[in-house]
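Structure assessment
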Amino acid sequence: MKLNELLKNIKPIGITGDTDTEITGVNIDSRLIAAGQLFVAMKGTQVDGHQFISKAIEQGAAAVLCEDMPESVAAGVTFVQVTSTEDAAGKVATLFYRDPSRKLKLVGVTGTNGKTTVATLLYNMFRAMGYKCGLLSTVCNYIEDEAIAADHTTPDPIELNQLLHRMVEAGCEYAFMECSSHAIAQRRISGLSFVGGIFTNLTRDHLDYHKTFENYRNAKKSFFDGLPKTAFAITNADDRNGMIMVQNTKATVKTYSTRVAADFKGKLLECHFEGMYLEIDGREVGVQFIGKFNVSNLLAVYGAAVMLGKRPEDVLVVLSTLHSVRGRLEPIHCAVGYTAIVDYAHTPDALANVLNAIHEVLDGKGKVITVCGAGGNRDKGKRPLMAQEAVRQSNKVIITSDNPRFENPQDIINDMLEGLNSRQREKVLSIVDRREAIRTACMLAHKGDVVLIAGKGHEDYQEIQGVKHHFDDREVVEQLAVNQ
Ligand SMILES: CC(=O)N[C@H]1[C@@H](OP(=O)(O)OP(=O)(O)OC[C@H]2O[C@@H](n3ccc(=O)[nH]c3=O)[C@H](O)[C@@H]2O)O[C@H](CO)[C@@H](O)[C@@H]1O[C@H](C)C(=O)N[C@@H](C)C(=O)N[C@H](CCC(=O)O)C(=O)O
Ligand SMILES: Nc1ncnc2c1ncn2[C@@H]1O[C@H](COP(=O)(O)OP(=O)(O)OP(=O)(O)O)[C@@H](O)[C@H]1O
Ligand SMILES: N[C@H](CCC[C@H](N)C(=O)O)C(=O)O
Ligand SMILES: [Mg+2]
């Protein structure tokens, strides 16, 4: 594709060189540049991509998109200057991959918790209805049946458009994706065309990156601000930020709620370990999920399917066949008679909700032993709050390591313990080694008890000092269950 075609949706403030040049690819990482490609220099959180311009040219870049023009420009290479390469990257990638999002019905899901659950259930639902679909999520990306490993919740703009393009090639009609706050703030989704957006909820997370809760909220809100008039925006009327999210959107706003009048209304009628019985818009339906928060997730899925033109009664039939997403409230029944639950709760709110869900079902008939930690190089402020939530609703808590990344695991544990007074600490053991922590929790459990293993859900690794070591909570429990 010619460079001038790629520049159609951006406004360059300076150009040197020939824009008739043929471009063979677009990349934001100099290390991946191949001959004839366009290198987009981005100012990142670690380094300034502008310092790799000469490296990209050495590797064969035919053109460079940048914010600061270098003092001397290389001969034969075209330089295009814009005010924000972060914004331009998505728009250029969109054009390079022939605007794939416009050829799909793309729905984005944002919020602190529940994105993976809602996006995955929509993908499963539409596939069950016979449509070809794609999914971009934290756990894994899918183009129909083909699984493509995900290392981000929302991929970078190049990979993102490439994946959407592959979905178009595979004949997909629908695509469902998670839009993380990082991705929205970094404009990874710039240039995409959505037919709908869904808001789940907003509680504390990622303040290491966004600094204030307002910035975090505004990042999420800007996704809805950017939706077109033709799209729908489905929001959670039970969340205190639900209506704020959609106050400036041009899209058609619809609400869902378990408590107040809303466009999509749900009520929990009955719950047990196998599932719940719900009333949704006046119809009764049995679902294979537990937890009040999942009533909200299912309402978001139901509302989106209805807004995508499906008949409510058909949607409910499929909804009743769906089951839990990997690592989200996933139960493992152990021979001794206790139930281990692997869950991805890694925020104070998620922990509170998951423990609530467990108590709703246990109904006072067993003890709850919780194993949890907190990720390194992430929001430190959530650590003491997570410990408090775990202690509040558990009989015993084992605080351990999550992904320490580049931090000392014991320091993270100490940050969590800081949130507890001496009485609360009586309930707590701290064991740095996660395998040992899980083993201890299982040893303490008796028939009828629940062992909650929180924080890592589907993850099959533990990241220590930049190295991902194989570690899978589910696998550890299953091995113990056999040997106990
Ligand atoms: C803090 C953060 O979000 N960082 C993301 C950001 O990287 P960055 O701004 O730090 O980039 P940088 O390392 O400073 O480099 C700047 C530029 O120089 C380029 N570069 C760098 C080195 C080199 O040799 N050559 C070169 O060209 C880089 O490709 C980049 O374009 O942009 C990169 C490309 O999109 C992301 O891979 C990277 O994700 C990092 C690895 C990360 O851990 N992100 C997490 C926090 C994240 O994004 N999480 C959310 C989920 C959160 C949630 O659950 O809500 C996600 O969507 O996954
Ligand atoms: N609607 C909800 N409200 C509160 N907590 C929820 C909700 N849905 C899921 N959770 C909890 O949050 C955890 C993460 O859920 P999920 O993976 O669906 O969220 P996510 O938004 O995709 O997270 P991430 O930001 O890491 O991608 C679950 O394991 C569960 O503990
Ligand atoms: N998307 C989240 C996932 C956190 C999962 C938890 N296991 C951790 O490592 O903190 C993040 O990157 O903050
Ligand atoms: Mg997710």
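In this text, all values refer to a predicted model and were calculated from it rather than measured experimentally. (Residues numbered from 1 in each chain as written. Chains lettered and ligands numbered in written order. Predicted model: local features only at pLDDT ≥ 70, side-chain atom pairs only at ≥ 80, totals over all residues. Heavy atoms only, no water.)

Quick look at the packing of aromatic side chains
Just so we agree on the cut-off: Two aromatic rings, drawn from Phe, Tyr or Trp (for Trp, its six-membered ring), form a pair once their centres lie within 6.5 Å of each other, and the interplanar angle then sorts them: stacked below 30 degrees, edge-to-face above 60, tilted otherwise. Each helix is a run of H or I in the DSSP string that is no shorter than four residues. Each strand is a run of E no shorter than two, and both are numbered from the N terminus. Burial classification: accessible surface area is computed with a 1.4 Å probe over protein chains only, and a residue below 20% of its type maximum counts as buried, one above 50% as exposed, and the rest as partly exposed. Note on geometry: a ring has a charge over it if NZ (lysine) or CZ (arginine) is within 6 Å of the ring centre and within 35 degrees of the ring normal.
Scanning the entire structure with this criterion turns up twelve aromatic pairs. Relative to Tyr174, the ring of Phe126 has its centre 4.6 Å away and its plane inclined at 50°; by these criteria the two rings are tilted. Pair noted here: Phe126 is in helix α4 (residues 115–128) and Tyr174 is in strand β10 (residues 174–178), with a separation of 48 residues, a long-range link. A single burial state applies to Phe126 and to Tyr174, both of which are buried. When the ring of Phe264 is compared with that of Tyr302, the centres are 5.8 Å apart and the planes differ by 90°; the resulting orientation is edge-to-face. Placement of the pair is Phe264 in strand β14 (residues 264–272) and Tyr302 in helix α10 (residues 292–307), with a sequence separation of 38 residues. We classify Tyr302 as buried; its relative accessible area is 1%. The rings of Phe126, Tyr131, Tyr174 and Phe176 are connected pair by pair, giving a single aromatic cluster. The ring of Tyr461 has Lys456 lying over it, and the distance from NZ or CZ to the ring centre is 5.1 Å. The positively charged end of Lys468 is found above the aromatic ring belonging to Tyr461, 4.4 Å away from the centroid.

Here's the deal with the packing of α10 against helix α11 (residues 312–319)
Rules: To obtain an axis, a line is fitted to C-alpha atoms, over the contacting stretch when the element is a helix, and the angle between two such axes runs from 0 to 180 degrees between their N-to-C directions. Any angle that is under 35 degrees is reported as roughly parallel, and any over 145 degrees as roughly antiparallel; angles of 65 to 115 degrees are reported as roughly perpendicular and all others as oblique. By the definition used in this description, the sense in which the near helix is turned from the far one sets the handedness, with an anticlockwise turn below a right angle giving left-handed and a clockwise turn giving right-handed. Any two residues having at least one pair of non-hydrogen atoms within 4.5 Å are treated as being in contact. Think of it as three bins: nonpolar holds Ala, Val, Leu, Ile, Met, Phe, Trp, Tyr, Cys and Pro, charged holds Asp, Glu, Lys and Arg, and polar takes everything else, Gly as well.
It is the contact of α10 with α11, at a shortest axis distance of 10 Å, that shows an interaxial angle of 140°. When the interaxial angle is binned, α10 and α11 end up oblique. Where α10 crosses over α11, the two elements pack in a sense that is right-handed. Where α10 abuts α11, its residues Leu298, Val301, Tyr302, Ala305 and Val306 lie against Pro312, Val315, Leu316 and Leu319. Classifying every residue of the contact of α10 with α11 gives nine nonpolar, no polar and no charged.

What to know about the packing of α4 against α10
Taken N-terminus to C-terminus, the directions of α4 and α10 make an angle of 45°; their axes are 9 Å apart at the nearest point. Taken together, α4 and α10 sit at an angle that is classed as oblique. As α4 packs across α10, the resulting crossing turns out to be right-handed. Note on element contacts: α10 touches α4 through Asn294, Asn297, Leu298, Ala300, Val301, Ala304 and Ala305, opposite Thr117, Val118, Leu121, Leu122, Met125 and Phe126. Of the residues belonging to the contact of α4 with α10, the class tally is ten nonpolar, three polar and no charged.

Side note on the UniProt feature "modified residue: N6-carboxylysine" (unreviewed entry) in the chain
Put simply, the rule reads: UniProt positions are given in the numbering used here, feature names are shortened, and annotations may be inferred rather than shown by experiment.
Cross-referencing UniProt, the feature "modified residue: N6-carboxylysine" (unreviewed entry) maps to Lys220 in the present numbering. On the secondary structure map, Lys220 appears in helix α8 (residues 213–225). Take Lys220: its relative accessible area is 1%, and that puts it in the buried class. Apart from the residues lying within four places of it in its own chain, the contact partners of Lys220 are Thr110, Gly111, Thr112, Lys115, Cys179, Ser180, Ser181, Ile184, Leu202 and Met245.

Looking at the sheet that holds strand β22 (residues 450–454)
Worth spelling out the cut-off: By the convention used here, strands pair only if DSSP detects at least 2 bridges between them.
Within the open sheet, the six strands sit side by side as β17-β18-β22-β19-β20-β21. Their pairing is mixed. One side of each edge strand has no neighbouring strand; the edge strands of this open sheet are β17 (330–333) and β21 (428–430). Between one strand axis and the next, the sheet turns through 20° on average, direction left out of account. For strand β19 (residues 368–372) and strand β20 (residues 396–399), the ladder comprises four bridges, and the chain directions are parallel. Note that in β20 the partner of Val371 across the bridge is Ile398. Here helix α12 (residues 348–362) sits on the sheet and contacts β18 (339–343), β19 and β22; the angle it forms with β22, its principal contact strand, is near 165°.

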